[in-house]
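Overview (structure and organization)
Here are the chains, one letter per residue:
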Amino acid sequence: MQQSPIAPEKSLPEQPTFKAVLFDGVTAAAQRVRVSIEKDKLLVFNAKNEMADKVSFNQLFRPITKADQIVLAVEDPQDDRRITIEQVNVPTDVWTSLKTLPEARRQSSGQPSRIILACVLFILACLATFTVLIPAASDRLAFIVPRSVEQTLGDRLERTVLQVGPQNICGSSSDNPDLRSLAERLQAASGGSEPVSLHIIDLPMANAFALPSGRIFVTRPLLDLSQTPDELISILAHEMGHVQAHHALRLSLRVGGSSAMLGFLLGDFTGSAALIAIGQALMGTAFSREFEREADELSVQILQDLGISPLVLANMLERLQGNDQQVGLLATHPMTADRRAFLAQAALQDDKIMQGSEAQILSSQSWNSLKLICD
Amino acid sequence: MELETARVVVEASTRELAGLALQGMLLTALTLGIYRFWYVTRVRRYFWSHTRVGNYPLEFTGRPVDLIVGFFMAVAILLPLYLGLFVVSLGLQNGVLAANLGAVFVLWFLSQFGLYRARNYRLTRTLWRGLRFRQGGSGIVYALLSTIWLVIGLASLGLLWPVRRKSLQAYKARHTCFGNQKASFDASLTPLYRAGWPFFLGVAVISAWTVWQFANIWQASPAEFGVLDVLGSDLRNMRFEETFMAIPIADILWVLSIAGFAFLVVLALAGPSYLAAETRHFANATSFGTVRINSTFTRSSLVAVWGRFLAILAAFSAVYLGLGVVFFGAFLYSDMPVGILDSATTRFWFFVALFLYYCVGFIAYAVIHLVHLRFQLWRAIGNSLSFSPTDAISDIAVGSTDELRRRDGFGEGIADALDAGGV
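All of these numbers come straight from a predicted model, not from anything done at the bench.

**A few points about the overall build of chain B**
Assigned secondary structure in chain B consists of 14 helices and 11 strands. Taken across its 423 residues, chain B has 44% of its residues classed as buried. In chain B, once contacts between residues fewer than 6 apart in sequence are set aside, the share between residues at least 24 apart is 78%. Carbon and sulfur atoms make up 70% of the accessible area of chain B, which amounts to about 21,700 Å² in all.

**Description of the packing of helix α6 (residues 161-174) of chain B against helix α10 (residues 249-284) of chain B**
All names here are of chain B. Put simply, α6 and α10 touch, their axes get as near as 12 Å, and they point 30 degrees apart. Classified by the angle their axes make, α6 and α10 are roughly parallel. Judged by the twist between their axes, the crossing of α6 over α10 is right-handed. In contact with Pro 162, Arg 165, Lys 166 and Gln 169 of α6, α10 contributes Tyr 274, Glu 278 and Phe 282. Split into classes, the residues belonging to the contact of α6 with α10 amount to 3 nonpolar, 1 polar and 3 charged.

**Digging into helix α7 (residues 189-220) of chain B**
Of all the bends found along α7(B), the most pronounced is centred on B:Gly196 and spans about 70 degrees, while B:Pro198, a proline, follows it within four residues. The backbone nitrogen of B:Thr190 lies 3.3 Å from a side-chain oxygen of the residue at the head of α7(B), namely B:Ser188.

**With respect to the pattern of salt bridges**
If you walk through the whole model with that rule in mind, you get 19 salt bridges over all chains. The shortest N-O distance in the salt bridge between B:Arg132 and A:Asp80 comes to 2.7 Å. Of this pair, B:Arg132 sits in strand β6 (residues 131-135) while A:Asp80 is found in the loop between β6 (69-74) and β7 (82-86), placing the two residues in two different chains. Using a relative accessible area of 9% as the deciding quantity, one classes B:Arg132 as buried. For A:Asp80, a relative accessible area of 9% gives the class buried. A salt bridge links B:Arg52 to B:Glu11; its shortest N-O distance comes to 4.0 Å. Pair noted here: B:Arg52 is in strand β2 (residues 51-53) and B:Glu11 is in the loop between β1 (6-10) and α1 (14-30), with a separation of 41 residues, a long-range link. A residue is classified by how much of its surface remains accessible, and B:Glu11, at 45% relative accessible area, is partly exposed. A network of salt bridges, in which partner residues are shared, links A:Asp139, A:Arg250, A:Arg254 and A:Glu294.

**Topic: the sheet that holds strand β5 (residues 126-128) of chain B**
Residues and elements named next belong to chain B. Ordered in space as β3-β2-β1-β11-β10-β9-β8-β7-β6-β5-β4, the 11 strands form an open sheet in which the pairing is antiparallel. Edge strands, defined here as strands with exactly one partner in the open sheet, are β3 (56-57) and β4 (59-60). Examined bridge by bridge, strand β10 (residues 291-295) and strand β11 (residues 385-388) share 4 bridges and lie antiparallel to one another. Note on β11: the bridge partner recorded for Ser 295 is Leu 385. Each of β8 (181-185), β9 (286-288), β10 and β11 touches α10; the most contacted strand, β10, lies at about 165 degrees to it.

**Side note on the sheet that holds strand β1 (residues 18-23) of chain A**
Within a beta sheet, neighbouring strands are joined by backbone hydrogen bonds and run either parallel or antiparallel to one another. Residue and element names in this part refer to chain A. What the 7 strands build is an open sheet, ordered β4-β3-β2-β1-β7-β6-β5; its pairing is antiparallel. Two strands close off the open sheet at either side, each with one partner strand: β4 (51-56) and β5 (60-65). Taking each pair of neighbouring strands and ignoring which way they run, the sheet shows an average axis angle of 35 degrees. Here strand β2 (residues 31-38) pairs with strand β3 (residues 41-45) via 5 bridges, running antiparallel. What sits directly across from Val 35, in β3, is Val 44.

**Some points on the nonpolar core**
One finds B:Leu17, B:Tyr39, B:Phe47, B:Trp128, B:Phe178, B:Leu370 and B:Phe387 to be the most contacted residues of the largest nonpolar core, which totals 48 residues. Elements represented by at least two residues in this core include exactly β1 of chain A together with β1, α1, α2 (36-49), α3 (64-91), α4 (96-124), β6 and α12 (344-383) of chain B. The dominant element in this core, judged by the number of residues it contributes, is α2(B), at 8 residues. In contact with B:Phe387, not counting residues within four places along its chain, are B:Glu4, B:Thr5, B:Ala6, B:Val53, B:Gly54, B:Trp128, B:Val291, B:Arg292, B:Ile293 and B:Ile393.

**Focus on α1(B)**
All names here are of chain B. In this model, α1 (17 residues) spans 24 Å end to end at C-alpha, consistent with the 24 Å of a helix rising 1.5 Å per residue. When we look at burial in α1, the residues that qualify are Leu 17, Leu 20, Ala 21, Gly 24, Met 25 and Thr 28. Across the axial projection of α1, the buried residues extend over an arc of 125 degrees, all falling on one side. Seen from the buried face of α1, the exposed residues on the opposite side, beyond 90 degrees, are Arg 15 and Leu 30.

**A closer look at the packing of aromatic side chains**
In this description, an aromatic ring pair is defined by two values, namely the gap between the centres and the angle between the planes. According to the stated counting rule, one finds 24 aromatic pairs over all chains in the structure shown. Geometrically, the ring pair formed by B:Phe199 and B:Phe200 is edge-to-face, given 5.0 Å between the ring centres and 75 degrees between the ring planes. Taken together, a centroid distance of 6.2 Å and an interplanar angle of 25 degrees make the contact between B:Tyr358 and B:Phe362 stacked. Taken as a pair, B:Tyr358 and B:Phe362 lie in helix α12 at a separation of 4 residues, close to a single helical turn. Members of the aromatic cluster, joined through ring pairs, are B:Phe47, B:Trp48, B:Phe60, B:Tyr121, B:Phe375 and B:Trp378. A cation sits over an aromatic face here: A:Arg293 above A:Phe342, 4.3 Å from the ring centre. The ring of B:Trp128 has B:Arg129 sitting right over it, with the charged end atom 5.5 Å from the ring centre.

**A closer look at the confidence of the model for chain A**
Residues and elements named next belong to chain A. Confidence along chain A averages 77 in pLDDT terms, with 76% of residues attaining 70 or more. Segment residues 267-271: pLDDT under 50, and 9 contacts once partners within four positions in sequence are set aside and those in other chains are kept. Within the model, the stretch residues 324-331 combines pLDDT values under 50 with 15 contacts to residues more than four positions away or in other chains.

Conventions and cut-offs
- Residues numbered from 1 in each chain as written.
- Chains lettered and ligands numbered in written order.
- Predicted model: local features only at pLDDT ≥ 70, side-chain atom pairs only at ≥ 80, totals over all residues.
- Heavy atoms only, no water.
- Helix = DSSP H or I, 4+ residues; strand = E, 2+ residues; numbered from the N terminus.
- Buried < 20%, exposed > 50% of the residue type's maximum accessible area, 1.4 Å probe, protein only.
- Contact = heavy atoms within 4.5 Å.
- Areas by Shrake-Rupley, 256 points an atom, 1.4 Å probe, with all protein chains shown as cover.
- Axes fitted to C-alpha atoms, helices over the stretch in contact; angles between N-to-C directions.
- Parallel < 35°, antiparallel > 145°, perpendicular 65-115°, else oblique.
- Left-handed = near helix turned anticlockwise from the far one by under 90°.
- Nonpolar A, V, L, I, M, F, W, Y, C, P; charged D, E, K, R; others polar.
- Bend = angle between axes of the 7 residues up to and from the residue.
- Polar contact = N/O pair within 3.5 Å; in protein donor to acceptor, adjacent residues only side chain to side chain.
- Salt bridge = Lys/Arg side-chain N within 4 Å of Asp/Glu carboxyl O.
- Pairing = 2+ DSSP bridges.
- Core = buried A, V, L, I, M, F, W, Y, C linked by side-chain atoms within 4.5 Å.
- Expected span 1.5 Å × (residues − 1).
- Arc of directions from axis to C-beta.
- Phe/Tyr/Trp six-rings, centres within 6.5 Å; stacked < 30°, edge-to-face > 60°.
- Lys NZ or Arg CZ within 6 Å of the ring centre and 35° of its normal.
- pLDDT = per-residue confidence, 0-100.

Structure follows, in structure tokens:
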């Protein structure tokens, strides 16, 4: 490409000019231009040696820098004009001054402080979702979910997650008259609004837990450790408190929501992790202190209705604490001083209940046959 | 003077790219994954700017914030969908498996939609000679096309797979513009089948054998069940487990491992020749007006890249696993008192060391994969390309402003943000 000799015209600067290629963002044609540097400005001259553009250095950056080539652009992201300058066409000092231009736009979002800010905001948003949003949403949702959904969830958890085969069930309120009458008494005492079923299962660990839709499970070691019917019923009343407050469903929704979201963030779309997490949480009945306190409060009313002192529950929980076998119940139902104080206070306030006397909910014959249910 | 034919030249320093990858992966790990948006953008800028097309480098103008917006959009669309599917499946008593298959289908469809939109994102952020590329068409149409051809391709035991590849590439290419110049695509199936028949014949034989073996297992199975029983199984009465208990898992795994091994052998022997021919032919079939693209990509350059990558990976794995066995083995079976993991402190540091070991392996693999596979393939394919005549490019002008203003369309960057789009 021939370059017209630079004649001393008015538009020409005093500084030397250098060959460059301009792409004007309108066509793909490579336009031969000449550029020069005047103080902190880049001047662009077209083929007729007329000044075509004048850009201040603080409006320029170099998106591409190679050993032999620099591409210049202006700050405006909508402006696709580019000037390509070859190293062979410019003296060293000009090349060096071009290299002082920033490599990215000055208002670029790639600043380290912004990255850190984005990370902190992201982590805070995740924390807020897990600790506030999901629990709050779960607690609201638990009371509007159709009972059929709670029923199905209970079925699936009972079978696919607990891994309790029919062979492990010693007896249920559906086929055992003693358990059925016990379930009916509990249901009546709790206001009768929730379905209740009782199951004694043969698992090694002493535990009692409630699954969605009123399924209360008591393990064989816990039954063995109950010396009187009232002691067993006090534990059942506590579990009934969980049932009344839909704790199982609320916890399922919390754990399910959290692990589903976590699984999504990590790319697990099957939802299997969520179901397993729910199962583990419920199996351990890892209810929060808030749930335990709520269940205690509800159980006090049930126990009063049945004529059993809340102290029986307190003593039962405390006694279980001293037993080596009670790992399962201990870990998940920590007996704290304030729980004890609350139950003792409730017992004092109720003068209808005679301390130390049996409520006679189960006949001694029924109690004896219930104790042998797993044999 | 512009040459009649101009070449694409990709040249870069492997060490520089490895440094970029290492730094990016470390920061990604330290920021729990947030830095990946910046990392992906930096990698793209590097790939693009080290690719000169007829003396002028490509420029990637995308910003990390585009990917972050795409990620939040993906979360906004997929999370409710996913949670909804989860809640629906909880409420279902029958057909849980069918519901899961439905969910997989929905996600497949969305992934195809996302891939198409991600291509548009990359094209609209690619600046060359002052103009941008663009992609029209519809992500939904592409996803439908991809799904229909997937069914046909599978039903034909893979024999019609090249037809699917050609059809999808034609849709993408014909909706691609550089400035105001639309691309055209006139591929024929002959060169694809000429280079690919041993591969697809091999795949078809393996597929037919697998189907035949499955039919045998099905017939020999003692339980009487049909596909509908499995899909609509009632979880409440344990039909589901009974049905699955009846399936001879060992036989199925045996058939699948033989088929998988045979597939790998066929892929290694006959795959490269097809893949190289496809890359070459698809490039040669593409033109922008009078400007034709020409590729000389060969089977041997593809094999060279993969061979080098696998060799480096094998060498790294040997050193990494060897050091791991020596270090953790020594830790576990040392002369120290039995039950070294009984101490809570020791156990804590043991698992910290194990976690760090895992992180080092993960980061090293990511660096090797980027530097020795993705970039080397980009370089090998890029360097095989040229185009002519070059002077016709000067006539191409910017697309209408309206179209340029619509750069930030719906769904762009979703697959990108989830890193499904590759480079």
